[in-house]
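Chains, contacts and geometry: an overview
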Amino acid sequence: MPTYKIAPSILSADFARLGEEVRNVVSAGADVIHFDVMDNHYVPNLTIGPLVCQAIRPHVQVPIDVHLMVKPVDRIIPDFAKAGANIISFHPEASEHLDRTLQLIRDNGCKAGLVFNPGTPLHFLDHVMDKLDLILIMSVNPGFGGQSFIPEALHKIAQVRRKIDESGRDILLEVDGGIKIDNIAAAAAAGADMFVAGSAIFGQPDYKAVIDAMRAQLASV
Ligand code: DX5
Ligand code: ZN
């Protein structure tokens, strides 16, 4: 069985109490904190930047997984690395030079990830597998929490799983958008091993109950 990782997205947390929120969700069993960065340009919403990453960093020991939904990408990468990010991923449409951006992330000491929107083809993976630590498949269109899971994402996850296995590389396969207790097992069965969940966790009063229920589902895969 793969080592599954649950990555709560703080997009649905109470931003007025963010330190407490991340501590609580890690105590409840989160493996990673997923940090959604939106710029009101690449996506139609505006969220949080490196200062907020730096502010939550001392509150948790787990990796911070920065999901950049910004364009351009490169200028902000060193800022997030300095702010304590461990993984930085970006969308291929938002970078003019994929290979350079991936290298820039690694040069700044972070793991590098590429993110695929529901309509983005996988050919962007073709020549950069050796520069990837993570591939993120979006199961909603980026920009907002609380949207419904797009089932076609399961086929895409399965395709990426085959590519990763063929490559023989140690690359995490993350899924993001609309993940709930009742569909996490399907995403795992398709081949995902890291699961972002925002509204499913922060929208509930008992984070541990949700994370435990997700793990129980994953144990059945
Ligand atoms: C969407 C973000 C997601 C989102 C997940 O653009 O990348 O991380 O916050 O939220 P839920 O789990 O509510 O779909
Ligand atoms: Zn995200």
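This text goes with the structure placed above it.
Model, not experiment: these values are computed from the prediction.

For ligand 1, the set of nearby residues contains 20 residues, the closest of which are Asp-36, Gly-146, Asp-176, Gly-198 and Ser-199. Contact distances for ligand 1 include 2.8 Å between an oxygen atom and a backbone N or O atom of Gly-178. Between ligand 1 and the protein, one listed contact pairs an oxygen atom with a side-chain N or O atom of Ser-199 at 2.5 Å. Protein coverage of the free-state accessible area of ligand 1, which is 380 Å², stands at 100%. The site holding ligand 1 turns out to be the largest cavity. Residue assignment for the shell around ligand 1 shows that the elements contributing at least two residues are β2 (33-38), β3 (64-69) and β8 (194-197). Ranked by residues supplied to the shell around ligand 1, first place goes to β2 with 3 residues. Looking at the shell around ligand 1 residue by residue, the class counts come to 8 nonpolar, 10 polar and 2 charged.

It is worth spelling out unusual backbone geometry at this point. The omega angle of the peptide bond from Lys-71 to Pro-72 is 0°, so this bond is cis rather than trans. Mapping Pro-72 onto the fold places it in the loop between β3 and α3 (77-82). Unlike most non-glycine residues, Asn-40 shows phi in positive territory, near 60°. Note on placement: Asn-40 falls in the loop between β2 and α2 (50-56).

The rules we used
Residues numbered from 1 in each chain as written. Chains lettered and ligands numbered in written order. Predicted model: local features only at pLDDT ≥ 70, side-chain atom pairs only at ≥ 80, totals over all residues. Heavy atoms only, no water. Near = heavy atom within 4 Å. Polar contact = N/O pair within 3.5 Å; in protein donor to acceptor, adjacent residues only side chain to side chain. Areas by Shrake-Rupley, 256 points an atom, 1.4 Å probe, with all protein chains shown as cover. 1 Å grid on protein atoms, 1.4 Å probe; cavity = no way out; pocket = protein on both sides within 12 Å on 5 of 7 lines; lining within 4 Å. Sits in = over half its atoms within 2 Å of the grid points. Helix = DSSP H or I, 4+ residues; strand = E, 2+ residues; numbered from the N terminus. Nonpolar A, V, L, I, M, F, W, Y, C, P; charged D, E, K, R; others polar.

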